[in-house]
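# Chains, contacts and geometry: an overview
Read off the chains here:
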Amino acid sequence: AKDSFQAWVRAKYTDDAGIRAAWGNFINIEPPVDVEMFFRNRDHFNKQYGKDFLDWYTESLQAHGKKVLQAAMDVFWAEGAPFRGAE
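First, a word on scope: everything that follows refers to the structure included in this document. What you see is a predicted model, and the numbers here were worked out from it, not measured in a lab.

Attention shifts here to the environment of Asn28. Tracing the backbone through its elements, the reader meets Asn28 in the loop between α2 (16-23) and α3 (35-40). Residue class for Asn28 comes out partly exposed when judged on its relative accessible area of 40%. Between the C-alpha atoms of Asn28 and Ala81, which are 53 residues apart in sequence, the distance is 48 Å. Setting aside residues no more than four positions away along its own chain, Asn28 makes contact with Trp23 and Tyr49.

Positive phi, normally seen in glycine, also occurs at Thr14, with a value near 75°. Positionally, Thr14 belongs in the loop between α1 (2-13) and α2.

Our focus in this paragraph is α1. Compared with the 16 Å implied by 1.5 Å per residue over twelve residues, the 16 Å span of α1 between its first and last C-alpha is a close match. Considered for burial, the residues of α1 that qualify are Phe5, Trp8, Val9 and Tyr13. Angular distribution of buried residues about the axis of α1 spans 110°; they occupy a single face of the element. In α1, the exposed residues that point more than 90 degrees away from the buried face are Asp3 and Ala11. Looking at the buried side of α1, the elements it contacts are α2 and α5 (48-76). Directly after α1, the chain includes Thr14, whose backbone phi takes a positive value near 75°.

The tendency in soluble globular proteins is for nonpolar side chains to be buried as a group. Of all hydrophobic cores here, the largest spans eleven residues; its members are Phe5, Trp8, Val9, Tyr13, Ile19, Trp23, Ile29, Phe38, Tyr49, Phe53 and Trp56. Counting residues per element, this core draws most heavily on α1, at four residues.

In this section: the packing of α1 against α5. The description of two packed helices rests on the angle between their axes and on the distance between the axes. For the pair α1 and α5, the least separation of the axes is 10 Å and the interaxial angle reads 115°. The two elements α1 and α5 meet at a crossing, and its hand is right-handed. On the side of α1, the interface is formed by Ser4, Phe5, Trp8, Lys12 and Tyr13, while α5 contributes Gln48, Tyr49, Asp52, Phe53, Asp55, Trp56, Glu59 and Ser60.

This paragraph deals with a nonpolar patch on the surface. Judged by side-chain polarity, Met73, Val75, Phe76, Trp77 and Phe83 come together as a nonpolar surface patch covering roughly 510 Å² of accessible area. Along the chain, Val75 falls in helix α5. For Val75, a relative accessible area of 54% translates into the label exposed.

The contact between α1 and α2 brings their axes to 8 Å, and the two run at 90°. Relative to α2, the element α1 lies roughly perpendicular. Contacts between α1 and α2 involve Phe5, Val9, Arg10 and Tyr13 from the first element and Asp16, Gly18, Ile19, Ala22 and Trp23 from the second. Class assignment for the residues of the contact of α1 with α2 results in six nonpolar, one polar and two charged.

What counts, and where the lines are drawn
- Residues numbered from 1 in each chain as written.
- Predicted model: local features only at pLDDT ≥ 70, side-chain atom pairs only at ≥ 80, totals over all residues.
- Heavy atoms only, no water.
- Helix = DSSP H or I, 4+ residues; strand = E, 2+ residues; numbered from the N terminus.
- Buried < 20%, exposed > 50% of the residue type's maximum accessible area, 1.4 Å probe, protein only.
- Contact = heavy atoms within 4.5 Å.
- Expected span 1.5 Å × (residues − 1).
- Arc of directions from axis to C-beta.
- Core = buried A, V, L, I, M, F, W, Y, C linked by side-chain atoms within 4.5 Å.
- Axes fitted to C-alpha atoms, helices over the stretch in contact; angles between N-to-C directions.
- Left-handed = near helix turned anticlockwise from the far one by under 90°.
- Patch = residues over 30% accessible without salt bridge, like charges linked within 9 Å, V, L, I, M, F, W, Y side chains within 5 Å.
- Areas by Shrake-Rupley, 256 points an atom, 1.4 Å probe, with all protein chains shown as cover.
- Salt bridge = Lys/Arg side-chain N within 4 Å of Asp/Glu carboxyl O.
- Parallel < 35°, antiparallel > 145°, perpendicular 65-115°, else oblique.
- Nonpolar A, V, L, I, M, F, W, Y, C, P; charged D, E, K, R; others polar.

The following block contains the structure:
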């Protein structure tokens, strides 16, 4: 997850200067360490870091869901599968 988040941030901002411009001097590209404080301080609303983290997390969950659904479709709807074509 850390590697994925770091790659996502670097792709979005291109370099450290871009990250600094968006996040200020904070360049620790890692998920929040203290999640309770992250939400209590409303960092997910008030800081670009928090917004970026939630955007990455949402995209990651959606990608995972698509992989799981595709795997299920490959098994249950494969040629000859007993549930092929079921709604």
